[in-house]
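# Residue-level structural notes
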Amino acid sequence: MAIDNNTSNSCYGDQSVTFFYQQVNKTIGGSWTTRDYLVIGLGLPLSAIVVLANLLVMAAILMNRRFHFPIYYLLGNMAAADLFAGLAYTNLIFNTGPWTATLTKKQWYIRGALIDISLTASVANLLAVAVERHQTIITMQLHSTMTKRRVVLLIISIWAIGILMGLVPSLFWNCECDLADCSTVAPLYSRRFLIFWALLNLLTFFIMLGMYSHIFFHVKRQSRHTSQHASEARQQTVINLMKTISMVLGAFVICWTPGLIVLLLDGLQGKEGNANKYEKYCLVIAECNSLVNPIIYSLRDAEMRKTFKWILCCLCRHEGCQPRETLTTEMDSPLKEKILSYKSEDPVLWKNLDRDCKDDKGTDS
């Protein structure tokens, strides 16, 4: 019996959230500061925009049957993860500042788990989209050959990983039994867990960088083995691809690098790193990635843009709308990729067709 009491005391399982904050010299203010107001003032509008933007993406994919393919299912799941991130951040805002002292340990873990789940799922979706784009572009397909069953299993796996990462700190990877290992950013979390989580995200970044680099060099190499006419079309595809890659990687680096640096700094140096001074601002920047994602992956698709306009017009007119299925596909849509692949496979045929079309136009005029 004495052993159980000693174990309980050494693990500090019966202590409050405030106790762990005091161990890392992180103050829970009794009144609102300028930084608290700034975080709320920036965070709430951002969360609202994130939720609405991703709801629009999900509605477009649901209502337009031309989006019922693996890549769009993944985009819809990424929008769901980003939407969840907006809701999780809203919950964090209403449980921060002086309100933190009123939280029980269980409530504090739930607050952190929601953030971990949403952000992990969002990053995992970015990786899944990169894998899908790599498969389709390398094999010159219009859409992935994945079955709906595999897509569903992939989506379930993404959320399982997110939930696992959210539960790990509360279940066993915390500092309740080792106060010296407590993080200053998240005082109940283990510093070793923060290092692991930061390195895992950096590894994900390098994997995506490798995939997109392989896509770029593959398309560039293939363009050298085609006719001049097809090469020009390929060159335009490479330019569009590089724009997307730059936006994806740039957004990831800009939004996640500050937070990852803060986590690594906190994990490696602890109190000496003073990471808690910047953590809230870094979290806001990381949350911006959930807003940038629908812009990059959805608004660059002409079909998606038209569906957005159609949905918004329906909402403004307050009229019933039927599912939109006959939108014209533009240059930057997936159909364009298929046309370019046909041109590369048989450039002579397409060159003759282009000449015939020009001759027909000259005759008509």
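The rules behind these values
Residues numbered from 1 in each chain as written. Predicted model: local features only at pLDDT ≥ 70, side-chain atom pairs only at ≥ 80, totals over all residues. Heavy atoms only, no water. Helix = DSSP H or I, 4+ residues; strand = E, 2+ residues; numbered from the N terminus. Buried < 20%, exposed > 50% of the residue type's maximum accessible area, 1.4 Å probe, protein only. Contact = heavy atoms within 4.5 Å. Areas by Shrake-Rupley, 256 points an atom, 1.4 Å probe, with all protein chains shown as cover. Disulfide = S-S within 2.5 Å. Axes fitted to C-alpha atoms, helices over the stretch in contact; angles between N-to-C directions. Left-handed = near helix turned anticlockwise from the far one by under 90°. Nonpolar A, V, L, I, M, F, W, Y, C, P; charged D, E, K, R; others polar. Parallel < 35°, antiparallel > 145°, perpendicular 65-115°, else oblique. UniProt positions renumbered as here; feature names shortened; annotations may be inferred. Phe/Tyr/Trp six-rings, centres within 6.5 Å; stacked < 30°, edge-to-face > 60°. Expected span 1.5 Å × (residues − 1). Core = buried A, V, L, I, M, F, W, Y, C linked by side-chain atoms within 4.5 Å.

Here we come to the overall build of the chain. Looking only at helices and strands, the chain features twelve helices and zero strands. Secondary structure of the chain in N-to-C order comes out as α-α-α-α-α-α-α-α-α-α-α-α. Out of the 365 residues belonging to the chain, those deemed buried represent 45%. Taking the intrachain contacts of the chain between residues at least 6 apart in sequence as the baseline, contacts between residues at least 24 apart amount to 79%. Element-wise, carbon and sulfur atoms account for 64% of the exposed surface of the chain, whose accessible area totals about 18,800 Å².

Moving on, we get to the state of the cysteines. Following the criterion strictly, the structure yields two disulfides and no others. Disulfide pairing is shown between Cys11 and Cys177; the S-S distance is 2.1 Å. Since a negative S-S torsion denotes a left-handed disulfide, the Cys11-Cys177 link at about 105° is right-handed. In this pair, Cys11 is assigned in helix 1 (residues 2-11) and Cys177 in the loop between helix 6 (148-171) and helix 7 (191-223), connecting sequence segments 166 residues apart. Linked covalently through their sulfurs, Cys175 and Cys182 form a disulfide whose S-S length is 2.1 Å. Between Cys175 and Cys182, the S-S dihedral sits near 95°, and the bridge is therefore right-handed.

At a closest axis distance of 8 Å, the pairing of helix 5 (residues 105-138) and helix 6 adopts a crossing angle of 145°. Along this stretch, helix 5 crosses helix 6, giving a crossing that reads as right-handed. Packed against helix 5, whose contacting residues are Tyr109, Ala113, Asp116, Ile117, Thr120, Ala121, Ala124, Asn125 and Ala128, the element helix 6 presents Leu154, Ile158, Trp159, Ile161, Gly162, Ile163, Met165, Gly166, Pro169 and Ser170 at the interface. Of the residues assigned to the contact of helix 5 with helix 6, the class counts are 13 nonpolar, five polar and one charged.

Now for the packing of helix 3 (residues 34-63) against helix 4 (residues 70-93). Contact geometry for helix 3 and helix 4: axes closest at 8 Å, N-to-C directions at 155°. Comparing the axis directions of helix 3 and helix 4 gives the class roughly antiparallel. Viewed along their axes, helix 3 and helix 4 form a crossing whose handedness is left-handed. Contacts between helix 3 and helix 4 involve Val39, Ile40, Gly43, Leu44, Ser47, Val50, Val51, Asn54, Leu55, Val57, Met58 and Ile61 on the former and, on the latter, Tyr72, Leu75, Gly76, Ala79, Ala80, Asp82, Leu83, Gly86, Leu87, Tyr89, Thr90 and Ile93. Of the residues that constitute the contact of helix 3 with helix 4, the class distribution is 17 nonpolar, six polar and one charged.

In this section: the UniProt feature "transmembrane region" (unreviewed entry) in the chain. In this structure's numbering, the residues bearing the UniProt feature "transmembrane region" (unreviewed entry) are residues 37-62, 69-89, 109-131, 151-173, 193-217 and 238-265. The span residues 37-62 shows a helical share of 100% and a strand share of 0%, and its end C-alpha atoms are spaced 38 Å apart. Summarising residues 151-173: 91% helix, 0% strand, and an end-to-end C-alpha distance of 31 Å.

Attention now goes to the packing of aromatic side chains. Taken as a whole and judged by the stated rule, the model has eleven aromatic pairs. Ring geometry for Phe84 versus Trp159: centroids 6.1 Å apart, planes at 90°, classification edge-to-face. Of this pair, Phe84 sits in helix 4 while Trp159 sits in helix 6, and the two are 75 residues apart along the sequence. Ring geometry for Tyr189 against Phe193: centres 5.7 Å apart, planes inclined by 90°, an arrangement best described as edge-to-face.

We now examine helix 5. Taking 1.5 Å of rise per residue, 34 residues should cover 50 Å, and helix 5 covers 49 Å from first to last C-alpha, within 8% of that figure. Most of helix 5 is tucked away: 25 of the 34 residues are buried.

A few words on the nonpolar core. Counting 75 residues, the largest nonpolar core has Trp108, Trp197 and Trp256 as the members making the most contacts within it. The contacts of Trp108, once residues within four sequence positions are left out, are Val17, Tyr21, Thr100, Leu103, Ala186, Pro187, Leu188 and Tyr189.

Take Val51: it is sitting in helix 3. With near-sequence residues (within four places) excluded, Val51 lies in contact with Leu83, Gly86 and Leu87.

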